[in-house]
Amino acid sequence: MDKLKKVSVIWGIVAVLLFAFLTTMGFMYKNKTKKYKDLEKKLVEVTKSYTATDFNFPVNGKNIIITYNELHDNNMIDKLEVDSKKCDGYVKLTFDNVTEYKAYIKCDKYQTHGFEGKNLDSNNK
């Protein structure tokens with residue numbers, strides 16, 4: 001019985017340490033990617049302003065891609081960078097009863113999951 005109690009205590013300590021380690025890693029990842037997530041939000045907000053007037057929204061399940069270059073050329077956004085390093089990106093507009101905006105960016109050390117470089121071509125809409 002004494003041996004079983006020791007094993008239970010050891011496994012309890014291991015479980016607590018594992019939980020603490022995974023929680024710490026999660027917070028570190030969240031802090032590391034926060035500036036990129038903020039940049040994605042900024043790109044979405046600028047795109048919403050850009051599409052607010054005289055814009056043909058997607059219909060019938062089609063997507064519209066608005067690139068950073070298009071926003072920049074229309075004086076909607078000055079630069080797209082994190083820690084003085086340039087990024088590139090685009091926003092994909094989809095319509096399914098509601099218009100949804102999803103930003104995708106590619107920076108030096110970060111890339112949004114699902115980023116497709118072919119969407120940066122302004123002729124690919």
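As a convention, each chain's residues are numbered from 1 in the sequence order in which they are written. Side-chain atom pairs in this predicted model are given and counted only at pLDDT of 80 or more, local residue features only at pLDDT of at least 70, and totals for whole chains, interfaces and linings cover all residues. To get the side-chain values, take all heavy atoms of the structure and skip hydrogens and water.

Trainee: So what's going on with the nonpolar core? Which residues, and what values?
Mentor: Core analysis: the biggest nonpolar cluster contains 20 residues, and Leu39, Leu43, Leu71, Ile77, Leu80 and Ile105 have the highest contact counts within it. Contributions of two or more residues to this core are made by α1 (2-51), β1 (63-67), α2 (68-73), β4 (88-95) and β5 (99-106). By the criteria applied, helices consist of DSSP H or I runs no shorter than four residues and strands consist of E runs no shorter than two, each listed in order from the N terminus. With six residues, the top contributor of residues to this core is α1. Once residues within four sequence positions are removed from consideration, Ile105 is found in contact with Tyr36, Leu39, Glu40, Leu43, Asp88, Gly89, Tyr110, Gln111, Thr112 and Phe115. The nonpolar core is taken to be a set of buried Ala, Val, Leu, Ile, Met, Phe, Trp, Tyr and Cys residues, with the residues joined through side-chain atoms within 4.5 Å. The rule is simple: take the accessible area with a 1.4 Å probe, protein chains only, and divide by the maximum for that residue type; under 20% is buried, over 50% is exposed, in between is partly exposed. The contact definition used throughout considers only heavy atoms, calling two residues in contact when any of these lie within 4.5 Å.

Trainee: Outline the environment of Pro58, supporting the account with residue identities and numerical values.
Mentor: Examined against the element boundaries, Pro58 turns out to sit in the loop between α1 and β1. Taking relative accessible area as the criterion, Pro58 reaches 4% and is therefore assigned buried. Linking Pro58 and Thr99, residues 41 residues apart in sequence, is a C-alpha distance of 8.0 Å. With residues up to four places along the chain from it excluded, the contact list for Pro58 reads Asn63, Ile64, Leu93, Thr94 and Phe95.

Trainee: Lay out the pattern of salt bridges with the relevant residues and their values.
Mentor: Two side chains that carry opposite charge are able to pair once their charged atoms sit near each other. Here, a salt bridge means any Lys or Arg side-chain nitrogen found within 4 Å of an Asp or Glu carboxyl oxygen. For the structure shown, the criterion picks out seven salt bridges. Its salt-bridge partner being Asp83, residue Lys35 comes within 2.7 Å of it at the nearest N-O pair. With Lys35 in helix α1 and Asp83 in the loop between β2 (81-82) and β3 (85-86), this pair connects stretches of sequence that are 48 residues apart. Note on Lys35: relative accessible area 36%, which makes it partly exposed.

Trainee: Just give me the short version of the state of the cysteines, but keep the residues and values in it.
Mentor: What counts as a disulfide here is a pair of cysteine sulfur atoms lying within 2.5 Å. This model, assessed by the stated rule, comprises one disulfide. Put simply, Cys87 and Cys107 are joined by a disulfide, and their sulfur atoms are 2.0 Å apart. The sign of the 115° torsion about the S-S bond sets the Cys87-Cys107 disulfide as right-handed. Of the two residues, Cys87 sits in the loop between β3 and β4 while Cys107 sits in the segment after β5, which places them 20 residues apart along the sequence.

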